[in-house]
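# Residue-level structure breakdown
This is what each chain is made of:
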Amino acid sequence: MKKDELPQDLGALGKITGEVCYVVDESGNYTTVLSNGWEVKSSALEVAWKDVEQRIQAAHQKVLNKEASPILFFMELRVMDIPIVAAYTGFWKWQVKRHLKYKVFEKLSASGLARYAEVFEVSVEELKTMKVDET
Amino acid sequence: MKLDFQHTQAAHCENGVTTSLLRHHGVNQITEPLAFGIGSGLFFIYIPFMKINNGPAIAFRTQPGLIFNRTCKALDIPVARKKFRSKEEAEKILMECLAAGQPVGCQVGVYYLTYFPKEYRFHFNAHNLIVFGKEDDQFLISDPVMEMATSLSSYELERVRFAKGAFAPRGQLYYPKEKKAVTDEQIRKAIKTGINRNVNLMLRIPGPIAGIRGIRFMAKKIGQWRDKLGPKKAGSYLAQLVRMQEEIGTGGGGFRFIYAAFLQEAYTYHQIPELIDISKQFTKSGDIWRSAAVQAAGIYKGRIGSQADFNVMSDYLNASADIEKQAFQALSKIKWPA
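In this report, we go over the structure that sits alongside the text. (Residues numbered from 1 in each chain as written. Chains lettered and ligands numbered in written order. Predicted model: local features only at pLDDT ≥ 70, side-chain atom pairs only at ≥ 80, totals over all residues.)

## Observations concerning the overall build of chain A
So the rule is basically this: For the purposes of this entry, the term helix denotes a DSSP run of H or I that reaches at least four residues, the term strand denotes a run of E that reaches at least two, and both are numbered from the N terminus. All radius of gyration figures rest on C-alpha atoms, and the globule criterion is 2.2 Å times the number of residues raised to 0.38. The burial criterion counts other C-beta atoms lying within 10 Å of a residue's C-beta, which is placed from the backbone; the residue is buried at 20 or more, exposed at 12 or fewer, and partly exposed between these limits. A residue pair is marked as a contact if its C-beta atoms, positioned from the backbone, fall within 7 Å.
Helix and strand content of chain A: seven helices and two strands. Its C-alpha radius of gyration of 21 Å places chain A more than 25% over the 14 Å reference for a compact globule of 135 residues. Seen along its three principal axes, the alpha-carbon backbone of chain A occupies a region of about 70 × 25 × 25 Å. Within chain A, the fraction of its 135 residues that count as buried is 35%. For chain A, the share of sequence-separated contacts (at least 6 apart) that also reach a separation of at least 24 residues comes to 45%.

## Some words on the pairing of strand 2 (residues 30-35) of chain A
All names here are of chain A. Formally: Between any two strands, at least two bridges found by DSSP are needed for them to pair.
Here strand 1 (residues 19-24) runs beside strand 2; their pairing, made up of six bridges, is antiparallel. Each bridged residue has a counterpart across the sheet, and for Val20 the counterpart in strand 2 is Leu34. Adjacent in sequence and paired antiparallel, strand 1 and strand 2 are bridged by five residues, among which Gly28 carries a positive phi angle near 85°.

## A few points about the interface of chain A and chain B
One frequently used descriptor of interface size is the decrease in accessible area upon assembly of the parts. Taken together, the contact between chain A and chain B spans 30 residues of the former and 42 residues of the latter. Only strand 1, helix 1 (39-64) and helix 3 (82-89) of chain A provide two or more residues apiece to the side of chain A that touches chain B. It is helix 1 of chain A that contributes the most residues to the side of chain A that touches chain B, nine residues altogether.

## Considerations on unusual backbone geometry
Residues and elements named next belong to chain B. A positive phi angle, close to 65°, is found at Asn54, a residue other than glycine. Under the C-beta neighbour-count criterion, Asn54 is labelled partly exposed, with 15 such atoms within 10 Å. Not every positive phi belongs to a glycine, and Phe167 is a case in point at roughly 60°. Along the polypeptide, Phe167 turns up in the loop between helix 5 (154-161) and strand 8 (173-176). Note on Phe167: 17 C-beta atoms within 10 Å, which makes it partly exposed.

## So, the sheet that holds strand 3 (residues 79-82) of chain B
Residue and element names in this part refer to chain B. We count it as follows: Lines are fitted to the C-alpha atoms to define the axes, a helix being fitted only along its stretch in contact, and any angle between axes, read from their N-to-C directions, falls within 0 to 180 degrees.
Sheet architecture is open: six strands sit in the order 3-8-4-5-6-7, paired in antiparallel fashion. Each edge of the sheet is formed by a strand with only one pairing partner; in this case those strands are strand 3 and strand 7 (150-153). Across the sheet, the mean angle from the axis of one strand to that of its neighbour is 35°, orientation sign disregarded. Note that strand 3 and strand 8 share four bridges and pair antiparallel. Across the sheet, Arg81 pairs through a bridge with Tyr174, a residue of strand 8. Running over the sheet, helix 1 (residues 13-24) touches strand 4 (104-108), strand 5 (127-135), strand 6 (138-142) and strand 8 and is turned about 45° from strand 5. Running over the sheet, helix 5 touches strand 4, strand 6 and strand 7 and is turned about 90° from strand 7.

See below:
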C-alpha cells in the first residue's frame, strides 16, 4: 500500500487512537503512518454487531415464548457463548446448557441465580425479568 | 512508583510488547518488523470445524506468545513467563517485578478493557500490554495499540488478566530475564533463522488448512459459502475475514505489509538483493488482500452478491497464494553468507 493511498475514514477506534499502518513512501521504502480507520473495516465491524443484535432479539423472543431461559438472553447480550458463561460462573458446560431451559431455570436456587446475575452484571430481579436499563 | 520506560506504539500488540521490552533491555536495534520477522509471525490458517464469535476461525499470524518467545530465544535472551491460579499471587508477583524495576508484559482479555472503544470489546483473550508502574490504585499501562500510555485500576487490571474463555490468560505475565546488548551479528543470524522458520510454516506444514495451502483451501470454501450458508451468513463470514485481516494489529493486508517491511530491514543486515525483490512481492500480495477486502465489503454491505462476486473473492485469494508461494520459495533458496 502506498503512503498516499492509506484510508483515513474515522472509525470507532480512530476517535480514541490512530492505528499504525505500514505503507510504502515515494522512494519505495517502508514507513509507518497513523490511520483513523477504513470504511471497509468499520462496516465489517458493523456487520458483526448487527449479527449480535439479532441474536439478542431472537433470544429475547425465545424467552418470552418460554423456549429458553433468560440465561440465553444475557449470554447473547454479553456476547458470550456457553464455554465462556461456564468459565465465568464456575458451572460445568452441561449445567449451563440445562439452565438454558426455561423449566430448569425456574427451579434454579437463589445462589445459582446470584452467580449468573453477578457474571452478567445485573440484579437477580433483572436477570429474571430481562429488564435492564443500559445505553 | 513509575519505572523509567518508554511507551512506543506498534501495529500489533505482541510485536509492540516484544519491541518495547527488548529495547528496555538494551536491544537497541529491535523494531516492530524485526521482532515480527525474527519471531516468524507471518502465517495463515483457516480451521473449518471451529467457530469464533459464530464465524469462521481464521488467523493471519502465528499463535499468541510465540513471537515474544522466538525473538528472545533467537537473540539469546532468557524469558520469564508465569501463569497463576490465584489472583492475589498474580498481583503480588507483578508488584515484585515492578519493585525490582522490571516492566512486565501481560496477556489480557479485551472484553473488560475499559479504555478500548465498546465496538472492539469482544471476548478476545490474546491481547498484550505492558505494566510499567503503579500510582495510588492505578497501574500504568503501555498498550502498544494506543498512541499514549494509559492506566487501569487494580480491579480493572485483575479483571482483564483473569478473563475467561478460549486462550484464558490466567494472569499470565512475561519479561526478558536479562538486560544485555545484542550484536549486529546476532541479529543477522536471528533474521536468517526467522525467515527459514517462516518458509517452513507457510510451505511445509502438512494438511490443507495451514500456510499457502490454507489460503487456497479458504478460497475454495468461499466459492461455496453463498450456496451453503445463504447470502446473509456468507456476508457475515466475509466480514469476519476482513476483521481478522485488517483490524487493529495487522498493520494492513493481514500482516503482509509488516513482513515486507521486515524484509527491507533484513536487507540492511544482509546485502542480498533478492530480499528487496521479495519484499515487493509481499507488498503486492498485501495489496491484493486489501482488494479482496474491498470486494468482501461490497458483498456484506449488499451492494453486490452474485456467485460471480464470490468467485472474484476466491480469485483474489488464489492470486495472493500464488505470489506468496513464489516469494517463500525464493526465500528458501537464498544463499546466506556463512
